[in-house]
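Structure at a glance
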Amino acid sequence: MIAELAGRLVRLSLMTSVVLLPLLLLCPLIQKRYTAKTGYVLWLALAVWLLLPVDWSLPEHAVTITVPETSQVWAAPAEPAITTAETGMAKPPARQTVLTPVQVLAGTWLAGALGLLLWHGTGYLLARRRLRAGSWEEPGDQALMAALWAGEHGQPEVLRTADPAAPLSLGLVQPLVFLPAGLGEEETDLVLSHELAHVRRRDLWYKFLLLLVNAAHWFNPLVWWMCRQAGQNLEYCCDDAVVDGRDAAFRHAYGQLLLRYAAHGAGVPLYATRLSSGGRQMKGRLMNLFLKKKTGVLLVAVALCAAVAVGSLVTFQPARAETPMTAQEALDTLAESVTITDKELSFTIPAAYEKADDWRIQVSGRYQMGEGEATSIHLISNDGTAGRWKGGEGAYSVPLTDYDLDQFEDLTLWAFLTDEDGKELEREVDLLALRRGVLTDGADAIIKWVDSDAVEPVWVWPVPEYQEVTETFGTRVHPITGETTSHDGVDLAAPEGAAVLAVRSGTVAETGWDDTDGNYVLLDHGEGLTTRYGCLSAVSVQTGDAVAQGDVLGTVGQTGAATGPHLHLEAAQDGALYDPLSWFQVLQETALKPEAVTLQGLTLTCNGHNYDLTERSPAITAVTRMEWVGEELLLECHTGPKNNLYLVFDPRTETFVKELAGTHLIWKGADLTTAVYAFWGDICTWGGTVLTTVDLGTDGYVSDLSFTDDKTQIVVTVTQNEVSSTQLLSLT
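Residues numbered from 1 in each chain as written. Predicted model: local features only at pLDDT ≥ 70, side-chain atom pairs only at ≥ 80, totals over all residues. Heavy atoms only, no water.

**Focus on the pattern of salt bridges**
Should their charged atoms come close, side chains of opposite charge can pair. Evaluated as defined, the whole model comprises nine salt bridges. Among the salt bridges present, the one from Arg532 reaches Asp514, with a minimum N-O distance of 2.7 Å. Taken together, the residues Arg532 in strand E21 (residues 529-539) and Asp514 in strand E19 (residues 506-514) connect sequence positions 18 residues apart. Classification of Arg532 as buried rests on a relative accessible area of 15%. (Salt bridge = Lys/Arg side-chain N within 4 Å of Asp/Glu carboxyl O. Helix = DSSP H or I, 4+ residues; strand = E, 2+ residues; numbered from the N terminus. Buried < 20%, exposed > 50% of the residue type's maximum accessible area, 1.4 Å probe, protein only.)

Right, here's the structure in full:
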């Protein structure tokens, strides 16, 4: 969020400078010909504009591509050379936080802005304290103040001081007017008139706005110049207010007063107004007292229209990469954007590739029409029509509702581009593998983790009727030690005693016990493929047994380093560990859906767009749970020893729709509106209503929440001094 805000401010600042520079260069001429109110309005409008870096970019809509009917038959395309890479995957390393150049620049901007505000805020407090400490009241000043203020609301306090900074006014809510010692009665009247004009006009608030603009755009010298010029223009406005309707004698006396204090310091601080403005500006102020000038309505209108027009280039233009892509980079980016579900295939043409007309894209495969019959299906023909594909127009969508994806023998997307040397480059995406959760690595072709000729394409779910994935493959925060470690498999939640099935046929290579996985069974499926089933309460097979797909291997338990009943499932090919979910052709509705979104470390990716979870909260150290609930994705993020942050992501709108701090979130319906969770001792509904508060004592904590079988009560487990007890909470 900070990086995005800083980027918008920088772009807005640079673009608005196109208008600022000529205005600032013409400032002396403008002051001679137009009233001070013209500059007042002009600088105020530009200051407000510079503080409004709003993103008004228009949403990008998906382009739907019509797909031919299934009954049509086309000639098979010339088969492109498929160079799928078969590779192993080592255990993912522990996450390392590396700041990107954008984050460094954003941090620098934020540090500069806060530093400038702190500097001026400290200067204001010290100046107020210094002036207040050495000040006193004089009875005559109070009487004169009452006469000049004429009973208006919010009369400022007037004090005398020997400080050379006086006369000046400071303070936003309760203004203070400091007068120098030794002023005569006539001079006191003139000085007070000047300072009260500032207070009445709310000039101190105007200068505070300039301070905010200066802080937000501290990197732009033209903004510093504008703020300085606007501060000087305030004195012209104030002079006009004081002498308005007065005769030449009064104007002469007021001019003499300005000359007397011209040497009391040049420049006007951003936290105060001051009678003096330095000798360089004094000539202009004296001339201003006796000259008649035009109102600059047209000038202000033209300047603001120019600022809006130039600034709109920042807010309305679609985001584009500053550095053009090469043909190979464009192919890789398109491949990474591909997603496929049972309803549609979508992909995005990258906007940063300059020659969008060069794209040629083909989606085709072999479709089973009946026993022994298959036909070539072309969902998108590689016709090479110039201008068919446009970068930056959003995702292209291909409906798949007329097809049963399980009937495809193969389905591939091919993309072709000609590089800078005239060589045709090609990139293919195995869509059926992608549907099973096998993703691109961003550089090479699709990684096929299992040879489809050597391994059965379909596995059975090892714990039927229980599809909740509570721990995913990869890096996680260990629920017991709290340390960031590699998780070698996936954890599937199921009640203790539930049957555990062999995902495919094989031979029992090993059974036994270890401290991490408890009771376990290792199956050898041949061709280098093995699966391991851990945390079992009982084992039903012996080493050497031949088992068929779906045979019972044992029962779900809570053995080893387990915090609750579940099955720990691992899969390895030639000794290299992989995500077991990659082998299931179709995941259950409530299991993870890697074809919709993916998670790498703390970066969530949806349709090629990355979302850094630490921008939601810097306290997030790991994602300990990732689960689909209806059409929304629930992310359980670890933020402390006994704290979680739950994020709910809607992939349809690509927005985070809910953030909730708490632990042990459970629900009983098809969506999260039925959820309850613990926030320390409070047991709360999804809407935030506290159902009850549990007494945790001095060191207790809620260690678990669960529904009773009839779903009408919640079992609250509380742990104190390592001893657990339960309480029942009714939901009816």
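Picking up after the structure, the text goes on.
**Quick notes on the sheet that holds strand E34 (residues 682-685)**
Taken in spatial order, the seven strands make up an open sheet running E29-E30-E31-E32-E33-E34-E35, and their pairing is antiparallel. Of all strands in the sheet, those bounded by a partner on one side alone are strand E29 (622-629) and strand E35 (690-693). Averaged over all pairs of adjacent strands, the angle between their axes in this sheet comes to 35°, without regard to strand direction. In the sheet, strand E30 (residues 632-640) pairs with strand E31 (residues 643-650) via seven bridges, with the strands oriented antiparallel. The residue of E31 that forms the bridge with Cys637 is Leu645. (Pairing = 2+ DSSP bridges. Axes fitted to C-alpha atoms, helices over the stretch in contact; angles between N-to-C directions.)

**Some remarks on unusual backbone geometry**
With the exception of glycine, the majority of residues adopt a negative phi angle, and the majority of peptide bonds are in the trans configuration. Here Glu527, not a glycine, exhibits a phi torsion of approximately 55°, which is positive. Judged by relative accessible area, Glu527 falls into the exposed class, the value being 58%. For His664, which is not a glycine, the phi torsion comes out positive at approximately 55°. Mapping His664 onto the fold places it in strand E32 (residues 655-666).

**Some thoughts on a nonpolar patch on the surface**
Together, Ile2, Leu110, Leu114 and Leu117 make up a nonpolar patch on the protein surface, roughly 300 Å² of accessible area in all. Tracing the backbone through its elements, the reader meets Leu114 in helix H4 (residues 101-133). (Patch = residues over 30% accessible without salt bridge, like charges linked within 9 Å, V, L, I, M, F, W, Y side chains within 5 Å. Areas by Shrake-Rupley, 256 points an atom, 1.4 Å probe, with all protein chains shown as cover.)

**With respect to the sheet that holds strand E10 (residues 373-380)**
Taken together, four strands build an open sheet; the order of strands is E10-E9-E12-E13 and the sheet is antiparallel. In this open sheet, the two edge strands, each paired with only one partner strand, are E10 and strand E13 (424-430). For this sheet, the mean angle separating the axes of adjacent strands, direction not counted, is 20°. Pairing between strand E12 (residues 408-418) and E13: seven bridges, direction antiparallel. Residue Thr412 lies in a different strand from E13, and its bridge partner there is Asp430.

**Digging into the environment of Gln720**
Tracing the chain through its elements places Gln720 in strand E37 (residues 713-720). Between the C-alpha atom of Gln720 and that of Leu696, which follows or precedes it by 24 residues, the distance is 7.3 Å. Polar contacts involving the side chain of Gln720 include one to the main-chain carbonyl oxygen of Leu696, which spans 2.7 Å. (Polar contact = N/O pair within 3.5 Å; in protein donor to acceptor, adjacent residues only side chain to side chain.)

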